[in-house]
Structures are given as C-alpha cells and as structure tokens.
Amino acid sequence: VLGIKASPLISEALAVTLLAGATGSSSGGMGIALEALGPKYMEMAASLNIDPGAFHRVASIASGGLDSLPHCGAVITLLAVAGMTHKKSYADIGMVTCVIPIVATVVVVAMGMYMISVRLLECLTPIMYKMSVISAHIVRLHHVIFSLEV
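Basis of the calculations
Residues numbered from 1 in each chain as written. Predicted model: local features only at pLDDT ≥ 70, side-chain atom pairs only at ≥ 80, totals over all residues. Heavy atoms only, no water. Helix = DSSP H or I, 4+ residues; strand = E, 2+ residues; numbered from the N terminus. Contact = heavy atoms within 4.5 Å. Areas by Shrake-Rupley, 256 points an atom, 1.4 Å probe, with all protein chains shown as cover. Axes fitted to C-alpha atoms, helices over the stretch in contact; angles between N-to-C directions. Parallel < 35°, antiparallel > 145°, perpendicular 65-115°, else oblique. Left-handed = near helix turned anticlockwise from the far one by under 90°. Nonpolar A, V, L, I, M, F, W, Y, C, P; charged D, E, K, R; others polar. Core = buried A, V, L, I, M, F, W, Y, C linked by side-chain atoms within 4.5 Å. Buried < 20%, exposed > 50% of the residue type's maximum accessible area, 1.4 Å probe, protein only. Polar contact = N/O pair within 3.5 Å; in protein donor to acceptor, adjacent residues only side chain to side chain. Phe/Tyr/Trp six-rings, centres within 6.5 Å; stacked < 30°, edge-to-face > 60°.

## Focus on the overall build of the protein
Consideration 1: When helices and strands are tallied, the protein shows 6 helices and 0 strands.
Consideration 2: Listing every helix and strand of the protein by position from the N terminus yields α-α-α-α-α-α.
Consideration 3: Put simply, of all contacts in the protein between residues at least 6 apart along the chain, 70% involve residues at least 24 apart.
Consideration 4: In the structure as shown, the protein presents an accessible area of about 8800 Å², 72% of it carried by carbon and sulfur atoms.

## Topic: the packing of helix H1 (residues 8-23) against helix H5 (residues 86-113)
Consideration 1: Where H1 meets H5, the closest approach of the two axes is 9 Å, and the angle between their N-to-C directions is 155°. Between H1 and H5, the angle is such that the two are roughly antiparallel. Like other packed secondary-structure pairs, H1 and H5 cross with a definite hand, here right-handed. Together, Leu9, Ile10 and Ala13 of H1 and Thr105, Val109, Gly112 and Met113 of H5 make up the contact between the two elements.
Consideration 2: Here the residues of the contact of H1 with H5 sort into 5 nonpolar, 2 polar and no charged.

## Observations concerning the environment of Gly31
Consideration 1: Mapped onto the elements of the fold, Gly31 is located in helix H2 (residues 26-48).
Consideration 2: Along the sequence, Gly31 and Ala20 sit 11 residues apart, while their C-alpha atoms lie 9.1 Å from each other.

## Quick look at the nonpolar core
Consideration 1: Grouped together as the largest cluster of nonpolar side chains are 19 residues, with contacts concentrated most on Leu9, Ala13, Val16, Tyr41, Phe55, Val58 and Val109.
Consideration 2: Put simply, the parts of the chain that give this core at least two residues each are H1, H2, helix H3 (52-62) and H5.
Consideration 3: The biggest single contributor to this core is H3, with 6 residues.
Consideration 4: Apart from residues no more than four positions distant in its own chain, Phe55 is found in contact with Pro8, Leu9, Glu12, Tyr41, Ala45 and Ile50.
Consideration 5: One finds Cys72, Leu79, Tyr90 and Cys98 within the second-largest nonpolar core, a separate group that totals 6 residues.

## Brief notes about the side chain of Ser68
Consideration 1: Here Ser68 shows up in the loop between H3 and helix H4 (73-82).
Consideration 2: At 2.6 Å, the side chain of Ser68 and the side chain of Thr97 are in polar contact.
Consideration 3: Aside from chain neighbours lying at most four places away, what touches Ser68 is Val75, Tyr90, Thr97 and Cys98.

## A word on the packing of aromatic side chains
Note on aromatic pairs: each is described by the distance of the centres and the angle between the planes.
Consideration 1: Summed over the entire model, instances satisfying the criterion amount to 1 aromatic pair.
Consideration 2: A centroid spacing of 5.8 Å and a plane angle of 35° characterise the contact between Tyr41 and Phe55, whose relative ring orientation is tilted. Note that Tyr41 is positioned in helix H2 and Phe55 in helix H3, a separation of 14 residues in sequence.
Consideration 3: Judged by relative accessible area, Tyr41 falls into the buried class, the value being 2%.

So, to be careful, I would describe these as geometric facts and stop short of saying anything about function.
This is how it looks when you write it as structure tokens:
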C-alpha cells in the first residue's frame, strides 16, 4: 500500500478500509493499519507538509467503509435478531454502512489532498454521521412500507 504513487492519504484510506473489511471491524482494521504503518505515515506527513490531523480524519472515516461486509459479526447478529436474511436486507445495509462511508472517505481524502482545513473536516464528520442516520431511517421506512400486506 505504501508503494502507491499518489497521495499518502489515498494509501492510508486503502490500508485502513481493506483491513477493516478483512477483520469485519472498524476499530480492528484501523488499529492494525496504524500499528503497522502509522510511523511511516507520520514521517510522510512531516516530509510532505500534510497536517497529521488530516491523516487522523482519513483513518477514522475510512475505517467505516468495509467494516460491515456480509461476514461481519455485527451484521450477522443484526439480521438474526431482526429475523431477516442477507438476501432480503443486505442491499440496504450495504448502502448505509459501506457505500455512504466510502463516498465520505473519497471526499475527505480529496479535501486533505488539496490542503483544505482540518477544522472543516472536523465540521463535516458529524454531518456525515447524520447522513448515515437519516439513511438508516429511510431504509427502516422502506422495510416497513414493503413488508405491509395489502
């Protein structure tokens, strides 16, 4: 991942996201990635004059991208408790917990690459969270509407 010839923010986002997907855990993926690569990213941040706060934001948002793939224990438990199947529900779960966070990661990486203020990134994080919550409510409403028997 460190061999990518683009911004180190892209490298970090890929490393964290892929490890989160492999472990099925956002904290696990971020922990492994930063334990192994964190010192190198800090070195890159200093040499390329990139705010370390941008690396922090990218890692924290990227960790939520692939952490809830179908093999994730939380997804399996959620579906079991709700009495649903992957076939019926995972498209909605994937949209809310994978697609939206990946789009948010791309936006944050682009902002970090163009040196947009870390303060602005800090302001965007709660907005992205609220978007995910709203999306979850839309998915829930979708299930209620389509599960009604007419």
